[in-house]
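For reference, the chains in residue letters:
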Amino acid sequence: MKQYVCSICGYIYDEAAGGRWEDLPVDWKCPLCGADKQQFRENTAQAKPAAALDKPHVENELSAMEMSIICSNLARGCEKQYLSQQAEDFRKLAEFFRSKAEPVQEASTAKLLELIENDLSVGYPYGNAVSAEKPDRGALRCQVWSEKVTRMLQSLLTRYKTEGEKMLENTGVWVCTVCGFVYVGNAAPDLCPVCKVPSRKFEKVEGRA
């Protein structure tokens with residue numbers, strides 16, 4: 001019997017208790033975070049050293065939007081550590097860089113999925129390997145959090161590509177203000193499956209452009 005682990009929240013599906021993985025319906029969802037079957041992995045692969053992996057292209061200067069996103073994430077991290085002044089400073093920096101950002105040229109679902117797939121296949125494996133070799137606990141935690149959120153976004157975008165607006169009918173979209181985890185459901189989860197903050201840290205996304 002095999003076990004399959006949700007790459008979003010860490011939930012373990014044990015075939016010994018629930019039956020064969022292949023027999024689960026294609027629309028089966030993780031009971032904790034709602035991720036679909038493709039986000040589960042059989043935990044058998046051995047970690048590779050960074051030298052054996054493709055290195056992400058990181059030589060280009062970061063764009064204003066990328067800087068804005070980084071500062072926004074740092075603000076949320078400071079908020080979680082109760083560093084209110086530092087959080088406010090990073091928020092101001094995020095707003096400054098956002099004001100300098102150029103409009104996105106292509107924001108289709110297909111393009112977003114392409115960028116996410118590159119992050120998951122190249123960026124995260126390399127980042128995880130480097131963080132583990134140092135080792136750097138903070139970097140490892142950052143990698144774990146962000147990879148889980150990215151996999152959930154991939155799951156939601158893949159589903160949206162198939163179902164379209166029907167996916168969002170009679171339900172809500174909730175975003176964790178600390179780690180960025182996105183949840184589709186009638187109410188926010190009691191605890192964020194990624195960073196474990198309570199439901200009050202979730203914001204409901206109202207309306208869509």
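The notes below deal with the structure included here. None of the values given here were measured: they were computed from a predicted structure.

About the criteria used
- Residues numbered from 1 in each chain as written.
- Predicted model: local features only at pLDDT ≥ 70, side-chain atom pairs only at ≥ 80, totals over all residues.
- Heavy atoms only, no water.
- Axes fitted to C-alpha atoms, helices over the stretch in contact; angles between N-to-C directions.
- Helix = DSSP H or I, 4+ residues; strand = E, 2+ residues; numbered from the N terminus.
- Parallel < 35°, antiparallel > 145°, perpendicular 65-115°, else oblique.
- Left-handed = near helix turned anticlockwise from the far one by under 90°.
- Contact = heavy atoms within 4.5 Å.
- Nonpolar A, V, L, I, M, F, W, Y, C, P; charged D, E, K, R; others polar.
- Core = buried A, V, L, I, M, F, W, Y, C linked by side-chain atoms within 4.5 Å.
- Buried < 20%, exposed > 50% of the residue type's maximum accessible area, 1.4 Å probe, protein only.
- Expected span 1.5 Å × (residues − 1).
- Bend = angle between axes of the 7 residues up to and from the residue.
- Salt bridge = Lys/Arg side-chain N within 4 Å of Asp/Glu carboxyl O.
- Phe/Tyr/Trp six-rings, centres within 6.5 Å; stacked < 30°, edge-to-face > 60°.
- Lys NZ or Arg CZ within 6 Å of the ring centre and 35° of its normal.
- Pairing = 2+ DSSP bridges.

**Here's the deal with the packing of helix α2 (residues 64–80) against helix α3 (residues 84–100)**
Then step 1. Contact geometry of α2 with α3 gives a least axis separation of 8 Å together with a crossing angle of 165°. It follows from the interaxial angle that α2 and α3 lie roughly antiparallel. Crossing hand, α2 versus α3: left-handed. For the pair α2 and α3, contact is made by A64, M65, M67, S68, C71, S72, L74, A75, C78 and E79 and by Q86, A87, F90, R91, L93, A94, F97, R98 and K100, respectively.
Then step 2. Taken together, the residues of the contact of α2 with α3 sort by class into 12 nonpolar, three polar and four charged.

**Notes on the nonpolar core**
Note on soluble globular proteins: their nonpolar side chains tend to be buried together.
Then step 1. Ranked by size, the top nonpolar core spans 31 residues in total, and within it C33, C176, F181 and C192 carry the most contacts.
Then step 2. Ignoring sequence-local partners within four residues, the contact set of C33 consists of C6, I8, C9, M152, F181, Y183 and P193.
Then step 3. Listed in part, the five residues of the second largest apolar core include L113, I116, L120 and L157.

**Concerning helix α4 (residues 109–133)**
Then step 1. Between its first and last C-alpha, α4 extends 35 Å over 25 residues, near the 36 Å set by a 1.5 Å rise per residue.
Then step 2. Of all bends in α4, the biggest is about 40°, found at D119.
Then step 3. The inward-facing, buried residues of α4 contact α5 (137–163).

**Here's the deal with the pattern of salt bridges**
Then step 1. With the rule as written, the count across this model stands at seven salt bridges.
Then step 2. The salt bridge involving E42 is made with K2; its shortest N-O contact spans 4.0 Å. Here E42 is found in strand β3 (residues 40–42), whereas its partner K2 is found in the segment before β1 (3–6), with 40 residues between them in sequence.
Then step 3. On the basis of relative accessibility, which here comes to 34%, the residue E42 falls in the partly exposed class.
Then step 4. Across the pair R159 and E163 runs a salt bridge, and its minimum N-O distance is 3.2 Å. Taken together, the residues R159 and E163, both in helix α5 and four residues apart, mark about one turn of the helix.
Then step 5. For R159, a relative accessible area of 25% puts it in the partly exposed group.

**Quick notes on the packing of aromatic side chains**
Then step 1. Considering all chains together, one arrives at eight aromatic pairs under this definition.
Then step 2. Between Y11 and F40, the ring centres sit 6.5 Å apart and the planes meet at 85°, which makes this aromatic pair edge-to-face. Here Y11 is found in the loop between β1 and β2 (12–14), whereas its partner F40 is found in strand β3, with 29 residues between them in sequence.
Then step 3. Since its relative accessible area comes to 6%, F40 is described here as buried.
Then step 4. Through a chain of ring-to-ring contacts, the aromatic side chains of Y4, Y11, Y13, W21, W28 and F40 assemble into a single cluster.
Then step 5. One cation-aromatic arrangement involves K37 over W21; the distance from NZ or CZ to the ring centre is 5.1 Å.

**Focus: the pairing of strand β4 (residues 172–176)**
Then step 1. In β4, alternate side chains face the same way, and those of G172, W174 and C176 are buried while those of V173 and V175 on the opposite face are not.
Then step 2. Alignment of β4 against strand β5 (residues 182–185), held across four bridges, turns out to be antiparallel. Pairing of W174 across the sheet is with Y183, part of β5.
Then step 3. The hairpin turn running from β4 into β5, its antiparallel successor, is five residues long, and G180 in that turn takes a positive phi close to 90°.
Then step 4. Both β4 and strand β6 (residues 202–204) contribute to a ladder of three bridges, which runs antiparallel. Paired with W174 across the bridge in β6 is K204.

**Quick notes on the sheet that holds β3**
Pairing between sheet strands relies on hydrogen bonds along the backbone, with the strands arranged either parallel or antiparallel.
Then step 1. The sheet built from three strands is open, its strands ordered β2-β1-β3 with antiparallel pairing. Looking at strand neighbours, the two that pair on one side only are β2 and β3, the edges of this open sheet. Strand-to-strand, the axes of this sheet are offset by a mean angle of 30°, without reference to chain direction.
Then step 2. As paired elements, β1 and β2 share three bridges and run antiparallel to each other. When the bridges of β2 are listed, V5 appears paired with I12.

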